[in-house]
Every structure is written in structure tokens, then in C-alpha cells.
There are 2 protein chains.
Amino acid sequence: MSVLIVGSTALDSIKTPHAENPRLLGGSASHAAVAASFFAPVKLVGVVGADFPKKYVALYKKHRIDLEGLQIQEGKTFHWSGEYEVNMNNRRTLLTELGVFEKFTPHLPDKFKRIPFVLLANIAPALQHHVLDQMTRPKFVVADTMDLWLNIALPDLLRLLPRVDGFVLNDSEAHQLTKQDNVFAALRTIHKLGPRYVIIKKGSHGSILSGPKGCFICPAYPLHNVVDPTGAGDSFVGGLMGYLSTSRGSVDSNIRRAMIHGSVAASFCCEGFGLTRTTRVNRAEINRRVRELEKLTKF
Amino acid sequence: MSVLIVGSTALDSIKTPHAENPRLLGGSASHAAVAASFFAPVKLVGVVGADFPKKYVALYKKHRIDLEGLQIQEGKTFHWSGEYEVNMNNRRTLLTELGVFEKFTPHLPDKFKRIPFVLLANIAPALQHHVLDQMTRPKFVVADTMDLWLNIALPDLLRLLPRVDGFVLNDSEAHQLTKQDNVFAALRTIHKLGPRYVIIKKGSHGSILSGPKGCFICPAYPLHNVVDPTGAGDSFVGGLMGYLSTSRGSVDSNIRRAMIHGSVAASFCCEGFGLTRTTRVNRAEINRRVRELEKLTKF
């Protein structure tokens, strides 16, 4: 089955202690869509400006991403610029030019409205609501978020949570949302806000799922060299939803392996600037890392 | 087979945001010995003062810990006092009274000198050397350490590493020792310093082993409520060595399950002040958590 991905489509200018790369293809929807494309047909909804490079449209197409929901508007594409510290964990935003993204309203082509798997990638909760308002009985909806929305749009986010099946956030966001220091206590609190599945991402420490069948401790794939972690979380949830949408059987019986595949997608993302490494990956390489993770966790 | 454990034996006065407990049984050797005692006969080497409470001697004995190597000297027992912050991760030392520990020289009774499994629990590297100098061809030696020794006794520690089979340290210590931010890069660097097995502890994020058969990503047991993490790392390595010393087959084939058992021992340690929870545990409870960890990581 297909997966619908709605989120930001952006140009990222990224600086690390080792290199600087301007105007890479970025945004939550771009990272998630490319990661999901290894497993499932992807329909993307987003907005770019007239300045959006043709090579990035070609890149989406290379991954057979359906772009009927990609709006191309007069004006500039959302441009984000950030700089990482030496440890590659802390980053600071140097610049945010919203451009056409400022007035973005996700509009779903009719043929997208019945897609069973829906990823509301990181984007304002009001827009995530607007997407759900247009959908007809999706089978499985997952929402991602970021600290910004916890700060400026918490009521919208709290209204969204009962409308989604799964909610994905990182550990510091879980702490911000629940005021709980303990990640398992935080998971319990977030369930009470609505979602049956809650996933807390912990970067290089992996992630934790809490769902109807209990918890799953998902490892991160071991990386000796992180080139650029931008988009790793988006790749994780994109890979997860892509895998889930094409697996036979129930969500319950597939979600653990889906997380593992998301974890592998995130590992490739970190190995290059922007999407440069991810777009060179094939399914065999993904499967190899999945098998490695099996070996790395077996006891 | 037996395991020999040499380290500190202390009284810990511990303050958390929720409670305060004075003069609990503590020290690296105490925590490691009690954790190991669930799996193997333990021989302890340490020093206490004349003020050492009889109830703590009884506690060691309840765990069938051989105390022939426990020196009782005129003077006061090593007393440490610390306070945890709300998140239960950061702590500050309020007081350190070395007492008889200041002039401690570990002296091994003859019958301890041929014990095959040796845990050099956290203690000055010079004393860890002194223990090894007295041993006759031990089968498997593991050393633990702490940031203090990296700061004030690094040359001694660097001379120790080629003498041990395994080295255990936490992630911040690994960073301090190797200047590497990446944990897998740090593991590689530490191998070059000598040990064939290197384990980096990451607290609630679990631990990572690097050994001749590759890496193992070991989960922490999920805890909803951490009462007092003091001694968790010591319990981990104590449980690991206890399990390893009584398992049939090679270290290579047992070390992953040994880490899992160490992880479970550490989880019990965190659930009570000092050793209060650990001493009430039985092997069936340990096995139950091991099985839970199997379920929590299976995919």
C-alpha cells in the first residue's frame, strides 16, 4: 500500500566542523519520503518556490515519489541554515527564511484522500489537522513534531494527539511535554493524551516504542562517523511508515521490524550531507544493516 | 567457578530529591560482590574500619561472600556522601572521608591467588596492579574505573590496560580517555590500549560491548522509578562477572548473556537506596527480568 507524507520541503544550508554545504534538499517531508520510497510508493504533499532546483524534482522522481501534491508557488523555497558543534549533537539555527512555506496550506489531490498510511511529518499541528480533515478513514496515522510546536502551538498539538494512531518525538521533547525525566514514565503520560503507539527517539541511543503489545527497545545502527544528522529523525519515521505500509499482517506484528528499518534509514541519512548518502542506497544495503542489527542485539 | 572482587567497601550517605539515607553499605566492591553472589561464590578483598556496622558483615555473609580478604583496621570506614539532582543523573559529592581506605593495600589470602575470574572494581589503578601482581594466571580479568583515576592516575591506568582482558567505563569517561565523541570510535581507540573486551556503560541507555566477536548492544532494563542509582555500574559489572564465572563454555559465547544479567542486577540496584533492594532479590526475579529483556528487544 502507498504512504502519504505531508511535511516541509526545504533547502538546507548545513555547516559542520568539517564542511559546509549550501542549499541541499531538505525538510521533514523530503527526508521521510526518500526513506519511505525504499519500501513503498510514496505520495508527497508540500510546497516549494519558483527557485526550487530542477535537480531536486528529478531526485524525487528518481525515487518514484508522486508529486501531484507538491505545490510550486511564486516566491522562495523555505530555507533553513544551521551549524553543528564538534560532538555533532548540538546544533544552532543560523537562519530561517520561511518563503512560500509561511502561507502553506496542504491541499490533498482527490486520489490521495483514501491512502491508508499517513505520515504527518514535522510541520505545524494546525496543518496536520488540516490534512486529517481531508482524509477518508485512513488505516494508520503517525504524527511527528518538534520543540517549536510544543512552545508555540501546544493546544493544537494536544487536540491532534487523540486523532492519530502513533506519535513520534525525541526524548527532550517528551520531557518538555510531560515534565517527566524518566522516559518510561513519559511514555505512559503521552498515551493518556491519545495515541496508542508512542515512539521516543534518543538519537544515537536508539528509540523506544510503547504500544498495545508492550515496549520495544530499538537500537540505533552503530556509526563510526556521523557526517550530518539533519533529517535522521525524519528518515527514521519515513522508513518506518514505508516498511509498515507494505508489510502483510497487523501493525502490531510489523511495527518492531518497521522501526528497525527506520533506524537503518536514519543511519544512512547521517552518513552524508542532506540526502546525498540516502539517495545512493539500495534495498540490499538496507537489508544488510537490518541483519547486522539482528546480530548486534542477539543474546 | 569463584569470582574474586577487589574494590572499595564504604559507608554511603545518599540524598535524593525524595529522601535521605545515612551510612548505607556501599563501595564498588560491596555492590559488585552482592550482584555477583546471585550467580557465583564470591571472594571479597577490601578494608573497613573498627566502626563498620556488624549488620553489614552479616549482610555480606547472608550472600555467602568469603570475607577472608576483608581487612578490619583501627580507624574509620571510608565514608562518602552525595546528593542527586531531580533527574537522578547528575550528582555532586558532599563529602569524602577516606579513613582506613587512605592507606589500603589489598592483600590476597593465598587461597584467593588462583581464582580464575577477577574483577578489579573501581579503585586506584596502582592497587589494581598490586592485586594482579599477587595472582597466578587468572583466566579472565576485568577492570572498572572512574573519572578520578583518569584525572590523577592516568599513567597507572594506561599501564594496567594491557594487563586486563576486559575494561569497563562509562561514556563520559570513554570520551575523557580517548577525546572521541563517537562511542564506536572510542571503543576502537581503547582496544589499542590493550583490552580485548571493552564495555562502555551508558546508564539508562544500556551499554555496548566490543570484543573479538564484534559488538553487542545491551539494553538497560526499563525502570519507571529510579530511587538511587549509586552502585548501578558496580552491580552491572559484578553481575556480569558472577554470571560469566559459572557459565559453561567460552567467555565469547557467554559474555552477551552475562551483560544482560549485569544489566538486570543494575536495575534492581537502582530501585532502592544503597543495597536495600538488591539484597531482597532472588534468582527467579533476575531470570524473569532477563526474559523480559528478551521480549523487549526481539524483532
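Preceding block: the structure.
Residues numbered from 1 in each chain as written. Chains lettered and ligands numbered in written order. Predicted model: local features only at pLDDT ≥ 70, side-chain atom pairs only at ≥ 80, totals over all residues. Heavy atoms only, no water.

Enquirer: Describe the relation of the copies chain A and chain B, with residues and values.
Expert: Aligned on chain B, chain A shows an RMSD of 0.0 Å; the corresponding rotation is 180° and the shift along the axis is 0.0 Å. Here the transformation between the copies is reduced to the relation of a two-fold axis. The position closest to the rotation axis in chain A is occupied by the C-alpha of His205(A), lying 3.1 Å away. The fraction of interface residues of chain A whose copies in chain B are also interface residues reaches 100%, indicating that both copies meet through the same surface. (Least-squares fit on C-alpha atoms with pLDDT ≥ 70 in both. Contact = heavy atoms within 4.5 Å.)

Enquirer: Talk me through the packing of aromatic side chains; I want residue IDs and the actual numbers.
Expert: Under the criterion given, the structure shown has 16 aromatic pairs over all chains. Note on Phe216(A) and Phe299(B): the rings are 6.2 Å apart at their centroids and 65° apart in plane angle, and the pair reads as edge-to-face. On the criterion of chain membership, the pair formed by Phe216(A) in strand β13 (residues 214–218) and Phe299(B) in the segment after α10 (283–297) is interchain, its members lying in two chains. Within the aromatic cluster, the residues linked to one another by ring pairs are Phe52(A), Tyr56(A) and Tyr60(A). We note Arg289(A) situated over the ring of Phe268(A); from NZ or CZ to the ring centre the distance is 3.9 Å. (Phe/Tyr/Trp six-rings, centres within 6.5 Å; stacked < 30°, edge-to-face > 60°. Helix = DSSP H or I, 4+ residues; strand = E, 2+ residues; numbered from the N terminus. Lys NZ or Arg CZ within 6 Å of the ring centre and 35° of its normal.)

Enquirer: Just give me the short version of the nonpolar core, but keep the residues and values in it.
Expert: Residue and element names in this part refer to chain A. If you look at the biggest cluster of nonpolar residues, it comprises 59 residues, and the most contacted ones within it are Ile5, Phe140, Met241 and Leu244. Top element by residues in this core is helix α9 (residues 251–270). It accounts for 9 residues. Beyond its immediate stretch of four places on either side in the chain, Leu244 contacts Phe117, Phe140, Val251, Asn254, Ile255 and Ala258. (Core = buried A, V, L, I, M, F, W, Y, C linked by side-chain atoms within 4.5 Å. Buried < 20%, exposed > 50% of the residue type's maximum accessible area, 1.4 Å probe, protein only.)

Enquirer: Give a description of the interface of chain A and chain B that names residues and reports values.
Expert: On the chain B side, the residues contacting the 30 residues of chain A number 30 residues. For the pair chain A and chain B, the summed buried area comes to about 2,500 Å², and 61% of that belongs to carbon and sulfur atoms. Interface area lost by chain A to chain B is led by Ile217(A), His224(A) and Phe299(A), which between them contribute 30%. Counting the contacts that link chain A with chain B gives 0 salt bridges. Inspection of the chain A/chain B interface yields 14 residue pairs in polar contact (both at pLDDT 80 or more). Those elements that place two or more of their residues in the side of chain A that touches chain B are α7 (183–192), β13, α9 and α10 (283–297) of chain A. (Buried area = accessible area lost by both parts, 1.4 Å probe. Salt bridge = Lys/Arg side-chain N within 4 Å of Asp/Glu carboxyl O. Polar contact = N/O pair within 3.5 Å; in protein donor to acceptor, adjacent residues only side chain to side chain.)

Enquirer: Account for the sheet that holds strand β3 (residues 20–26) of chain B, with residues named and values stated.
Expert: Residues and elements named next belong to chain B. One open sheet accounts for 4 strands, arranged β3-β2-β6-β7; its pairing is mixed. The sheet is open, and its two borders are formed by β3 and β7 (91–97), each paired with just one other strand. Going across the sheet, the axis of each strand differs from the next one's by a mean of 20°, ignoring polarity. Direction of pairing for strand β2 (residues 10–15) relative to β3: antiparallel, over a ladder of 5 bridges. Across the sheet, residue Leu11 finds its bridge partner in β3, namely Leu25. The strands that helix α2 (residues 54–62) touches are β2 and β3; relative to β3, the one it contacts most, it runs at about 50°. (Pairing = 2+ DSSP bridges. Axes fitted to C-alpha atoms, helices over the stretch in contact; angles between N-to-C directions.)

Enquirer: Please set out the sheet that holds β13(A) residue by residue, giving values where relevant.
Expert: Residues and elements named next belong to chain A. Taken in spatial order, the 9 strands line up as β5-β4-β1-β8-β9-β10-β11-β12-β13 in an open sheet, and their pairing is mixed. At either margin of the open sheet sits one strand with a lone partner, and together these are β5 (65–73) and β13. The average undirected angle you get between the axes of adjacent strands in this sheet is 15°. Of the strand pairs in this sheet, strand β11 (residues 197–201) and strand β12 (residues 207–211) are connected by 4 bridges, and their pairing is antiparallel. The residue of β12 that forms the bridge with Lys201 is Ser207. Against the sheet, α7 makes contact with β10 (166–170), β11, β12 and β13, and its axis sits at roughly 145° relative to β11, the strand it touches most. The strands touched by α9 are β8 (117–120), β9 (140–144), β11, β12 and β13; relative to β13, the strand with the most contacts, the crossing angle is about 20°.

Enquirer: Which residues make up the side chain of Thr9(B), and what are the values?
Expert: Residues and elements named next belong to chain B. Note that Thr9 resides in the loop between β1 (3–6) and β2. Classification of Thr9 as buried rests on a relative accessible area of 0%. Only 2.7 Å separates the side chain of Thr9 from the backbone oxygen of Val47, close enough to count as a polar contact. Beyond its immediate chain neighbours, meaning those up to four positions away, Thr9 contacts Gly26, Gly27, Ala29, Ser30, Leu44, Gly46, Val47, Val48, Tyr60, Leu70, Thr77 and Phe78.

Keep in mind that these numbers describe shape and distance, not what the molecule does.
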